[in-house]
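Topology and contacts: notes
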Amino acid sequence: MPFFQESIFYGGQNRIKLDRAGYLRVALATILIMGSIFLYVFEFRVFNRTLNIGWLLLISALVGGTLGYYISRKFSKGINETYERMRIYMVCIAMCVLFTPLYLSLINRFLDFSEPEIISVEFLSSSARISERFGNLKGVKNKIDHYAIVVVIDDQPVSFRTKKDYFSEFKEGEIVDLKVNQGLLGVRYITFAQ
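Just so it is clear, the model here is predicted, and its values are computed rather than measured.

Conventions we followed
Along each chain, residue indices are assigned from 1 in the same order as the chain's sequence is written. Reporting in this predicted model follows two pLDDT cut-offs: at least 70 for local features of residues, and 80 or more for side-chain atom pairs to be given and counted; totals over whole chains, interfaces and linings ignore these cut-offs and use all residues. Side-chain numbers come from the whole structure's heavy atoms, not from hydrogens or water. We define a salt bridge as a contact between a side-chain nitrogen of Lys or Arg and a carboxyl oxygen of Asp or Glu at a distance within 4 Å. Here a strand is any run of E in DSSP of at least two residues, a helix any run of H or I of at least four, and the numbering for each starts at the N terminus. Only protein chains enter the area calculation, which uses a 1.4 Å probe; residues under 20% of their type maximum are buried, those over 50% are exposed, and those in between are partly exposed. Strand pairing is assigned whenever DSSP identifies at least 2 bridges connecting the two strands. Think of a patch as exposed residues, more than 30% relative accessible area, with no salt bridge, where like charges cluster within 9 Å and nonpolar side chains (Val, Leu, Ile, Met, Phe, Trp, Tyr) cluster within 5 Å. Methods summary: accessible areas were calculated by the Shrake-Rupley approach with a probe of 1.4 Å, and residue burial reflects only the protein chains presented.

1. Considerations on the pattern of salt bridges
Inspection of the entire model under this criterion finds three salt bridges. In this structure, the salt-bridge partner of Asp154 is Arg188, at a minimum N-O distance of 3.1 Å. Of the two residues, Asp154 is situated in the loop between β2 (146–153) and β3 (156–162) and Arg188 in the loop between β4 (175–181) and β5 (189–190); the sequence distance between them amounts to 34 residues. Residue classification places Arg188 among the buried positions, given a relative accessible area of 18%.

In structure tokens form, the structure reads like this:
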């Protein structure tokens, strides 16, 4: 039988064959990754209202990198090829670093049982924004998507988005009150905005 015919009928000998437990682990990993992506979409609104997001990202990079390293050590045991070990390390570390900000943000919010602090901030601006895929079309009434709000917190301008215009009656330079939670990990976030 010629080579090309053999390869048609006998291809895939190098395919990894999993047992039932292996398929179950792959299915659970897929559900975990897809669920994390789904949660990330909703958590972006919270990232927008997080005051010290740099601190959260720094903690996430350290925790995610360390966790990914230990997970990859577990999965790479028994693999002798350097290239395969390197691939396992890169995938595990990258996935952990990618998803750790999501889980730390959820832990920071949902395990924080302290009362929100009311802080007085200087209001700078509030402007309506329209997010249309194709821009503002002539003759089409565009709907306001969100409001971009800028305030001064700790002598730094901070901008965030809200669905409602909470500051419509205030003028630039006036003092307004915001509800801010400390967070379990010390990552503060604004809680009143939707």
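2. Some words on the sheet that holds strand β1 (residues 117–129)
Strand order in this open sheet of five strands is β3-β2-β1-β4-β5, and the pairing throughout is antiparallel. In this open sheet, the two edge strands, each paired with only one partner strand, are β3 and β5. In this structure, β2 lies alongside β3, joined through seven bridges in antiparallel fashion. The residue bridging Val151 from the neighbouring strand is Val158, located in β3.

3. Some thoughts on the pairing of β4
One ladder, built from six bridges, connects β1 with β4; its direction is antiparallel. Among the inter-strand pairings, Ile118 is bridged to a residue of β4, identified as Lys179. Here β4 pairs with β5 via two bridges, running antiparallel. Across the sheet, the residue bridging to Asn181 is Tyr189, located in β5.

4. Some points on a nonpolar patch on the surface
A cluster of nonpolar side chains, Leu32, Phe38, Leu39, Val41, Phe42 and Tyr103, forms an exposed patch at the surface whose accessible area comes to about 580 Å². Turning to its location among the elements, Leu39 is positioned in helix α2 (residues 20–48).

Keep in mind these values describe shape, not function.
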